[in-house]
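In case you want the letters, here they are:
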Amino acid sequence: MLDAYTLGGTQMKAQTLMLTTVLLLTFRALSGQNADLAIVGGMLIDGNEGTPIQNSVVLISGERITAVGQEGTIAIPAGTEIVDANGKTVLPGLIESHAHLMIIGHGEYSEYFPRYEDRILEIMRLSAEQLIYAGVTTARDVGAPLEPSVRVREEINAGEIVGPRVYVSGPFIVRDFGEYDEYFQVKVNSVEEARQAAIDIIEGGADLLKPWGIIFPEDLKVIVEEAHRRGKTVATHGGAVERIRADVEAGVNSIEHFPGGSKNYIEEESIRLIVDSGTWIVPTWNGGPIYYWTLQFPERLDNPLLKEFLPEDLYADVRGSLDHFQRLGYFRGGKGNPAPYRDKLMQLYNAGANIALGTDSGTPMNFHYEAMWQQMKLWVDYGMDPMHVLTAATRNGAELLEIDDELGTVEPGKLADIIVVDGNPLMDMMALRNPVRVIKGGKILK
């Protein structure tokens, strides 16, 4: 039997607990009292790799998230618009870390680039729409003429067209134009010209820089120097160990595609340089996997979405260019065993490299509306943990862009870029094939 002292202490504890609960619920209600939108009932994967929150609630006011928790712990203000996510998964908007908005899957670059030089702005708008359809709310566009790149970004930001938040590099900085057209490249002949090109492109509105192809180590150093001085990042291509060393010593922020050059593996020294420096790796989709995927299921080329997203003449040209995809020069190096793609990915992953997910979307047969989920599924099939794959496509992309204080996870205070999918991507990445809701900055775009 409880004595008076114990009983009094118990009652006091109960009263204190009740008061604490009331205050907590009041605080939570107040924190979301101006909520415009509530996503209710789904399983939340917030991007921080913790245990998913079941029966979640995400409150949004304006363009930002104001509260995150479980049903019953967060008061939803009267009049708030409800997104019913019961039976679905809620997660951060996807971040495509290597997209090419100026291309849309056409099979023959030698025909495509000269033919559509005057339509690049139109095509970039179409690509932006496809990316939003796919749940991509942020995209890093790494290579296009500067003026249309900046214009599309500003049109999206102004709400004039629908698209993800786009971070643009503008033209490639090169020592030699190579096989590509000149209108989306800047050729430099000296270190000082490389420095000036970097300054000009940034002052023209670029968010990052993309030196690639034949570019010298001393070029990289001054390009990175000018970019970092202005708060911008630099992406470049990898290669054999000598190129990786030059990239790392220059201080580039990311190495695109797989390092290792033509080898079927990444040299141990390259792995060490990448991991020790913390340089980001964006190991994109390449010819081997997508070639074999299409060889096994050529009907994917007749996905009605391709026709839906493109004007009639553009669709006819793109689809016609893929009629005999086995003969395309782009896939000449992709007809061998695609296993090196898997092996290189797992080398990087097992070594603890910083990996962000980018797909090279827009390249032949690699369509913006499906590239993300396809590559994410492939990475899981190759042995990556599904939660880590989701992180590579969300939080890691934000860290690479140095915007992780605003995006990449579902947390109070961050911008409300959120998607809702029908299914559980931790069990099957194909749940991402067709997001049922795409919310960007608190606005439902799909």
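Everything numeric here is computed off the predicted structure, so don't read it as measured data.

*Asks:* What exactly am I supposed to notice about the overall build of the protein here?
*Replies:* Within the protein one finds 15 helices and 19 strands. Taking 446 residues into account, the globule formula puts the C-alpha radius of gyration at 22 Å, and the protein, at 24 Å, falls close to it. Projected onto its principal axes, the C-alpha positions of the protein cover 90 × 50 × 40 Å. Residue burial in the protein is summarised as follows: out of 446 residues, 55% are buried.

*Asks:* Would you explain the packing of helix α5 (residues 191-203) against helix α6 (residues 217-229) in this entry?
*Replies:* Angle between the axes and distance between the axes are the two parameters that describe a pair of packed helices. Interaxial distance between α5 and α6 falls to 8 Å at its minimum, and their mutual angle equals 30°. The angle between the axes of α5 and α6 places the two elements in the roughly parallel class. In this structure, α5 meets α6 at a crossing whose hand is right-handed. Taken together, the residues of α6 that come into contact with α5 (itself represented by Val191, Ala194, Arg195, Ala198, Ile199 and Ile202) are Glu218, Asp219, Val222, Ile223, Glu225, Glu226, Ala227 and Arg229. For the contact of α5 with α6, a count of residues per class yields eight nonpolar, no polar and six charged.

*Asks:* Mind showing me how you'd approach the packing of aromatic side chains here?
*Replies:* For any pair of aromatic rings, the description consists of the separation of the ring centres together with the inter-plane angle of the planes. Going through the model one piece at a time under the given rule, you end up with 22 aromatic pairs. An angle of 40° between the planes, with centres 5.0 Å apart, marks the rings of tyrosine 112 and tyrosine 116 as tilted. Judged by centre distance (6.1 Å) and plane angle (20°), the rings of phenylalanine 309 and tyrosine 369 are stacked. With phenylalanine 309 in helix α10 (residues 304-309) and tyrosine 369 in the loop between β16 (354-355) and α13 (371-382), this pair connects stretches of sequence that are 60 residues apart. A relative accessible area of 7% means that phenylalanine 309 is categorised as buried. You can call tyrosine 369 buried: its relative accessible area is 1%. Sitting over the ring of tyrosine 133, lysine 446 keeps its end group 3.6 Å from the ring centre.

Here is what the cut-offs are and how they apply
Along every chain, residues carry numbers that run from 1 in the direction the sequence is written. It should be noted that, the model being predicted, local features are given only for residues of pLDDT at least 70 and side-chain atom pairs only at 80 or more, the latter also being counted only at that level, while totals for whole chains, interfaces and linings use all residues. Excluded from the side-chain calculation are hydrogens and water; included are all heavy atoms of the structure. By definition, any uninterrupted DSSP run of H or I lasting at least four residues is a helix, any uninterrupted run of E lasting at least two residues is a strand, and each is numbered from the N terminus. As a reference, a globule follows 2.2 Å times the number of residues to the power 0.38, and the radius of gyration itself is taken over C-alpha atoms. Partly exposed residues are those whose accessible area sits between 20% and 50% of the maximum for their type, while under 20% is buried and over 50% is exposed, using a 1.4 Å probe and protein chains only. Geometry is summarised by axes, namely lines fitted to C-alpha atoms with helices restricted to the contacting stretch, and by angles between N-to-C directions that run from 0 to 180 degrees. An angle below 35 degrees is treated as roughly parallel, one above 145 as roughly antiparallel, one from 65 to 115 as roughly perpendicular, and anything else as oblique. By definition, turning the near helix anticlockwise from the far helix through less than a right angle yields a left-handed crossing, and turning it clockwise yields a right-handed one. Throughout, a residue-residue contact means that at least one pair of heavy atoms, one from each residue, lies within 4.5 Å. The residue classification treats Ala, Val, Leu, Ile, Met, Phe, Trp, Tyr, Cys and Pro as nonpolar and Asp, Glu, Lys and Arg as charged. All others, Gly included, are polar. Two rings from Phe, Tyr or Trp (for Trp, the six-membered ring) form a pair when their centres sit within 6.5 Å of each other. Planes less than 30 degrees apart are called stacked, planes more than 60 degrees apart edge-to-face, and all others tilted. Note on criteria: charge over ring means Lys NZ or Arg CZ within 6 Å of the ring centre, with the direction from the centre no more than 35 degrees off the ring normal.

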